[in-house]
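The residues making up each chain are set out below.
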Amino acid sequence: MFMSKAFSLLKLIPLMSGQSNLAYRFIHQVIDSQGHRCHRSTIYKQRYRTCLCSSGRRTISAETKVMAKEELPGVLILDIGGTHGVLENLAVLLRKHFHLITMKEFLENKEEISKKIQSVFVFEYRPTIDRELLESLPNLKVIANSGVGVDHLDLKMISSFGVKVTNTPHAVADPTADMGMALMLASARRLVEGCQIAISPDTKHFAVDWLGVEVTRATLGIIGMGSIGYKVAQRARAFNMRILYHNRNRRRKEEEEAVGAHYCEKMEDLLQQSDFVMLVVNLTPETHKLIGKRELGLMKPSATLINISRGAVIDQDALVEALQNKVIRAAALDVTYPEPLPRDHPLLKLNNIIITPHIGTATIQAMHMMAEEAIANMLAVLNGQPIPSEVFPK
């Protein structure tokens, strides 16, 4: 019953150089190209064409002939705009396929609205999914998380209500890997500190002994070699880095050879050899405080710790001590626990650390692609089709 909404997702979505169109790729797992019959016998026919837009990007255009119109399914969101709401341009995209219901609207009229909600779109960890909310949504079928990490969702509890959970791994890998490289380069060359010196009204000259370290030909240890970790390795290879990695499962030989990566069965071996250690793991009970005092002590005094996963993967008290006592050279964090840190937190007082506000996926393209992928996931669930990116409880 939602086919016309699904196909409109394909209209003139720009393709970045070397990228496939996520909507085009995923929607075809939801919709049969010969047309699909919904439970009210609504039939849609479509044809596709490719064209070159003025910017030179390839686009895919879908022309869909709608034979009948159905009511849009309800999707619960926290809000639109503001500090925590869904971005306005993403709300426009969602409205093409769903009837958006804000949490305020839902709470003001629970009895009437609750039965209309079939999906929840979780954007920047909101709205909070708890048992009370799940019990109040009798027709809920799917919770679509925008982003790959789902540590803020109780998967077992959600599954007990017969509700599916999806995420958006394909949209986040490239921008997060870019962020990892940006942090490594910025920390190595003391970019933030250098900028402050250059613009300070107190600066009279540039010191000749103000030095950073080189990334080229250094050793990078990647902890967590999933899709993001592997893309970090691809980028690091261009800097002629020696690449070590530790992962639950070893990559295939041809994958290792493609990026020149060497597997370390023991994380300790990686820590002892690496000039830069990058954390790219999911937050689980096993990875909570994965890096603590012992692990920091195994690292080189000249090494840098980079975290683009989750803040709680590091014991932050141990990190403060290690940075203060020069156990390691520096740290670069895109994530902390909590976010943001309290303004009096000791990490904020150190000059050998870079902290950014969890912006690994904060690009225009990534936000749009995550919304596309989340929409494809929701439509797949609502139509009983194979789900592109389902997350299962362990």
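Criteria and thresholds
Residues numbered from 1 in each chain as written. Predicted model: local features only at pLDDT ≥ 70, side-chain atom pairs only at ≥ 80, totals over all residues. Heavy atoms only, no water. Phe/Tyr/Trp six-rings, centres within 6.5 Å; stacked < 30°, edge-to-face > 60°. Buried < 20%, exposed > 50% of the residue type's maximum accessible area, 1.4 Å probe, protein only. Helix = DSSP H or I, 4+ residues; strand = E, 2+ residues; numbered from the N terminus. pLDDT = per-residue confidence, 0-100. Contact = heavy atoms within 4.5 Å. Axes fitted to C-alpha atoms, helices over the stretch in contact; angles between N-to-C directions. Parallel < 35°, antiparallel > 145°, perpendicular 65-115°, else oblique. Left-handed = near helix turned anticlockwise from the far one by under 90°. Core = buried A, V, L, I, M, F, W, Y, C linked by side-chain atoms within 4.5 Å. Expected span 1.5 Å × (residues − 1).

**Details of the packing of aromatic side chains**
Step number 1: If you walk through the whole model with that rule in mind, you get two aromatic pairs.
Step number 2: Aromatic pair Phe121 and Phe123: ring centres 6.3 Å apart, planes at 25°, arrangement stacked. Accessibility assignment for this pair places Phe121 and Phe123 in one class, buried.
Step number 3: Ring plane angle 55° and centroid distance 5.2 Å describe the contact between Tyr245 and Tyr263, whose orientation is recorded as tilted. One end of the pair, Tyr245, is in strand β10 (residues 242-246); the other, Tyr263, is in strand β11 (residues 261-263), and 18 residues separate them in sequence.
Step number 4: A relative accessible area of 1% places Tyr245 in the buried class.

**Quick word on the confidence of the model for the chain**
Step number 1: For the chain, per-residue confidence averages 87 on the pLDDT scale, and residues scoring 70 or more make up 82% of the total.
Step number 2: Here residues 1-69 scores under 50 on pLDDT; set against residues more than four positions off or in separate chains, the count is 146 contacts.

**Section: the packing of helix α8 (residues 169-188) against helix α10 (residues 227-237)**
Step number 1: Direction vectors running N to C along α8 and α10 enclose 50°, while the axes themselves pass 8 Å from each other. As summarised for this structure, α8 and α10 are arranged oblique, according to the angle between their axes. Judged by the twist between their axes, the crossing of α8 over α10 is right-handed. Counted together, Val172, Ala173, Asp174, Thr176, Ala177, Asp178 and Met181 of α8 and Ser227, Ile228, Lys231, Val232, Arg235 and Ala236 of α10 form the full contact between these two elements.

**Comments concerning the nonpolar core**
Step number 1: One finds Phe98, Phe121, Leu220, Ile222, Met241, Phe276 and Met378 to be the most contacted residues of the largest nonpolar core, which totals 57 residues.
Step number 2: Top element by residues in this core is helix α15 (residues 364-382). It accounts for eleven residues.
Step number 3: What Phe121 contacts, discounting residues up to four positions off in sequence, is Val75, Leu76, Ile77, Val86, Leu94, Arg126, Pro127, Ala144, Ser146, Ala374 and Met378.

**Here we look at α15**
Step number 1: Over its 19 residues, α15 runs 27 Å from end to end, which matches the ideal 27 Å to within 8%, given 1.5 Å per residue.
Step number 2: Along α15, 16 of the 19 residues are buried, which leaves the element largely enclosed by surrounding structure.
Step number 3: Backbone geometry just downstream of α15 places Gly384 in the positive-phi region, at approximately 65°.

**Structural notes on the environment of Asn167**
Step number 1: Relative to the assigned elements, Asn167 resides in the loop between β8 (164-166) and α8.
Step number 2: Residue classification places Asn167 among the buried residues on the basis of a relative accessible area of 9%.
Step number 3: Each C-alpha atom, one on Asn167 and one on Val150, is 7.6 Å from the other, the two residues being 17 residues apart in sequence.
Step number 4: Non-local contacts of Asn167, meaning those with residues more than four positions away in its chain, are made with Asn145, Gly147, Val148, Val150, Glu373, Asn377, Ser389 and Val391.

**Topic: the environment of Asn325**
Step number 1: The topology assignment puts Asn325 in the loop between α14 (316-324) and β14 (330-333).
Step number 2: With a relative accessible area of 51%, Asn325 lands in the exposed category.

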